[in-house]
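# Coordinate analysis (summary)
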Amino acid sequence: MKIITNGKIFFKNQFIEEDIFIEKDRILGIGHTQKHDLRMATEIIDAKGLLVLPGLIDVHVHLRDPGQTYKEDFTSGTRAALAGGITTVMDMPNNTKPTVTLDRLEEKEEWAAEKALCDVRFHFGCTNNNFNEIKQANPNSLKLYMFKTTQAQDLCITDEKIIEKHMLNFNKKIVVHAEDNDVEKVCSIAQKCKRKIHLAHTPTRKQIDITKRTGNTNEVAPHHLFLSTKDQEQLGKLSGVHPHLRTEEERKDLWNKLDDIDCIATDHAPHTLEEKRAGAAGFPGLETSLSLMLDAYNKRLMNINWIAGRMSENPAKIFNLPHIGRIESGYYANLAFIDLKKEWVVKGNELETKCKWSPFEGKLLKGKNVRTMYKGKLVYENGEFIDAY
Ligand code: NCD
Ligand code: ZN
Ligand code: ZN
C-alpha cells in the first residue's frame, strides 16, 4: 500500500487535509493515517505544500498517430499530457486516414497500447455513410464535423438528414465541431432527435448560451480564454486556429460565462513551425492548459474548485467514463500534484510535444503540476519522467 500524506486533496468539491491510501492501481480510501497503516505502507509520498487533484481529463486532443507522427505520436503526446497533469486524453479521428472504420479504430488501439504512457480514448468519426461501421465498432463517442477543418475535408457533413440519422442511430455522446450559425442548427437537430450533444471548442459567450439553452454541453479551449486577435500581431502566422481567435472584447465576455462552461479541453493540435508559417490551423496545449488556469487563480480571476471540476470531474461525467475524474475509493489512482507558487516560463523547445512551440511562448506562469501519478505509479516529477518513461 502507498500513502500520500500532508497534501490538500480535492474531495467532494473542496480541498481537505487527508491522506490517500493506494493499493496497486486504485485508491483504497481517504482518511487519517494510523500506526497500523504505517506498518503496511510500502511507500509514503509527502505532498507537503501541494494540492492533489484527480488526474485531469482532456476530451479533445489530436495525437496524429498514425499518419503524421512527425507532428506528434502516442508517446510524445502522452508525455506532454502527463507533464501537464493530464492522465486521460480523448483523441480525435481526423488522422490522414480518418478513424471511421473498425479496422482503423483497432489499429489506433493497438498502437496506443504499445506507445502511450497514459490513458487514451478515441472519438470515432462520422462520414456521410459509415452507419454500419459505427454500429460494428460501437465506440464510446462520435465526432461529427460540420466544418472543413484540418484533415477533415472528407469528414465534413452538412446534410441535415444525415446528421439526424447519426443522432438517431447513436445514443452515446456525439461531439460536434460547428462554427457560427451551425451551432444553433446542430443544437436544434439534437433537440428534435431528443439527444444531448457536446459542442467542441466553443469560443464565444453566444455559443455557450446556445449550448446551455438547449441542454447540451460545451468545452472551452484555453486559447480562447487567454488569447485574442490582439495577440495576432505578435503571433503572426502562428495565430491560425479553428475556431479563429476572437476580439479582445469577445474574449473578455467569455469570462463572464465561466459558470456555464462545462469543461476545459485543450484541442491540442500540433503542427510544425514550418506548417504553421504555411497556414496550418491549431495550437499545442497539453502542457500549458492547467498552468494557465492556475496562473489565473493566482491572479484571483478563477476559483480553484472551478478549475478542478472543469478539468477532471465534469469531463468524466459528460463522457460517462467510470472510475476516473475523482479522488475516491475504487477510482484509479491518477493524480496531479500542484504547486501553486511554482513559476515557470513557457519555452517551446523545452516542451514534450514534438512540435516544440507554443502560442504562449515567453509567458511567465505561476502554478504548475509538479508530479503526476498514473495508475498508482509516480511517472513524472519536477520535469523528469521516472523509470521506463
Ligand atoms: C485541428 C487540427 O489541427 O487537427 N485544428 C484546429 O485548428 N483546431 C482540427 C480541429 O479541431 O478543428
Ligand atoms: Zn475542431
Ligand atoms: Zn480539434
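Whatever comes next refers back to the structure up there.
Here is a short report on the structure shown in this document.

### Some remarks on the packing of aromatic side chains
For the structure shown, the criterion picks out five aromatic pairs. A cation over an aromatic ring shows up here: R79 above the ring of F385, its NZ or CZ 4.2 Å from the ring centre. Note that K165 overlies the ring of F131, its terminal NZ or CZ placed 4.3 Å from the centroid.

### Some details on the coordination of the zinc ion (ligand 2)
Protein coordination of the zinc ion (ligand 2) is provided by H177 (ND1) and H201 (NE2), with donor distances spanning 2.0 to 2.1 Å. What the four donor atoms of the zinc ion (ligand 2) show is an angle range of 52 to 145 degrees at the metal, which sorts the shape as irregular. The metal-metal distance between the zinc ion (ligand 2) and the zinc ion (ligand 3) is 3.7 Å. In this pair, H177 sits in strand β13 (residues 173-177) while H201 sits in the loop between β14 (197-199) and α7 (205-213), placing the two residues 24 residues apart along the sequence. On the accessibility criterion, H177 (2% relative accessible area) is buried. Take H201: its relative accessible area is 2%, and that puts it in the buried class.

### Some points on the site of ligand 1
Among the 15 residues in the neighbourhood of ligand 1, the closest are listed as R64, N94, T149, H242 and D267. Between ligand 1 and the protein, one listed contact pairs an oxygen atom with a side-chain N or O atom of H62 at 3.2 Å. At a separation of 3.1 Å, an oxygen atom of ligand 1 approaches a polar side-chain atom of H177. Notes on ligand 1: free accessible area 310 Å², of which the protein chains cover 100%. In terms of residue class, the shell around ligand 1 is made up of three nonpolar, ten polar and two charged.

### Structural notes on the sheet that holds strand β10 (residues 119-122)
With parallel pairing, three strands are arranged side by side in an open sheet as β8-β9-β10. Strand pairing shows two members of the sheet lacking a second neighbour, β8 (56-61) and β10, which therefore form its edges. Taken over all neighbouring pairs, the strand axes of this sheet differ in orientation by 20 degrees on average, direction set aside. Pairing analysis gives four bridges linking strand β9 (residues 86-91) to β10, with the strands arranged parallel. Counted as the bridge partner of V89 is V120 from β10.

### Observations regarding the packing of helix α2 (residues 74-83) against helix α3 (residues 102-115)
To describe two helices that pack against each other, one gives the angle between their axes and the distance between the axes. One way to put it is that α2 packs onto α3 with a least axis distance of 9 Å and a crossing angle of 60 degrees. Classified by the angle between their axes, α2 and α3 sit oblique to one another. In the packing of α2 onto α3, the handedness of the crossing is right-handed. Each of F74, T75 and T78 in α2 lies in contact with α3, whose residues at this interface are K108, W111, A112 and K115.

### A short note on the sheet that holds β13
In space, the six strands of this open sheet follow the order β11-β12-β13-β14-β15-β16, with parallel pairing throughout. In the strand order of this sheet, the two ends are held by β11 (124-125) and β16 (263-264), each with one partner. For β14 and strand β15 (residues 217-220), the ladder comprises two bridges, and the chain directions are parallel. Paired with H198 across the two strands is T217, which belongs to β15. Along the sheet face, α7 touches β14 and β15 and points at about 155 degrees away from the line of β15.

### Some details on the nonpolar core
Judged by nonpolar contacts, the single largest core of 86 residues is most densely connected at M167, V176, V186, L225, F226 and M302. Here M302 is in contact with L225, F226, W255, L258, M293, A296, Y297 and I307, once residues within four sequence places are set aside. Listed in part, the 18 residues of the second largest apolar core include V59, M92, A152 and L321.

### What about the coordination of the zinc ion (ligand 3)?
Within the protein, the zinc ion (ligand 3) binds to H60 (NE2), H62 (NE2) and D267 (OD); these donor distances fall in the range 2.0 to 2.1 Å. The sequence motif formed by the donor residues of the zinc ion (ligand 3) is H-x1-H-x204-D.

### Re a positive patch on the surface
Together, K8, R300, K341 and K366 line one region of the surface with positive charge. Tracing the backbone through its elements, the reader meets K341 in strand β17 (residues 335-345). Here K341 falls in the exposed class, since its relative accessible area comes to 68%.

Analysis parameters
- Residues numbered from 1 in each chain as written.
- Chains lettered and ligands numbered in written order.
- Predicted model: local features only at pLDDT ≥ 70, side-chain atom pairs only at ≥ 80, totals over all residues.
- Heavy atoms only, no water.
- Phe/Tyr/Trp six-rings, centres within 6.5 Å; stacked < 30°, edge-to-face > 60°.
- Lys NZ or Arg CZ within 6 Å of the ring centre and 35° of its normal.
- Donors = N, O, S within 2.8 Å, 3.2 Å for Na, K, Ca; no water.
- Tetrahedral: all angles 85-135°; square planar, octahedral: opposite > 155°, others 65-115°.
- Helix = DSSP H or I, 4+ residues; strand = E, 2+ residues; numbered from the N terminus.
- Buried < 20%, exposed > 50% of the residue type's maximum accessible area, 1.4 Å probe, protein only.
- Near = heavy atom within 4 Å.
- Polar contact = N/O pair within 3.5 Å; in protein donor to acceptor, adjacent residues only side chain to side chain.
- Areas by Shrake-Rupley, 256 points an atom, 1.4 Å probe, with all protein chains shown as cover.
- Nonpolar A, V, L, I, M, F, W, Y, C, P; charged D, E, K, R; others polar.
- Pairing = 2+ DSSP bridges.
- Axes fitted to C-alpha atoms, helices over the stretch in contact; angles between N-to-C directions.
- Parallel < 35°, antiparallel > 145°, perpendicular 65-115°, else oblique.
- Left-handed = near helix turned anticlockwise from the far one by under 90°.
- Contact = heavy atoms within 4.5 Å.
- Core = buried A, V, L, I, M, F, W, Y, C linked by side-chain atoms within 4.5 Å.
- Patch = residues over 30% accessible without salt bridge, like charges linked within 9 Å, V, L, I, M, F, W, Y side chains within 5 Å.
- Salt bridge = Lys/Arg side-chain N within 4 Å of Asp/Glu carboxyl O.
- Lys, Arg positive; Asp, Glu negative; His and termini not counted.
- Charge placed at Lys NZ, Arg CZ, Asp CG, Glu CD.

Honestly, that's just the spatial picture; any functional story needs more than this.
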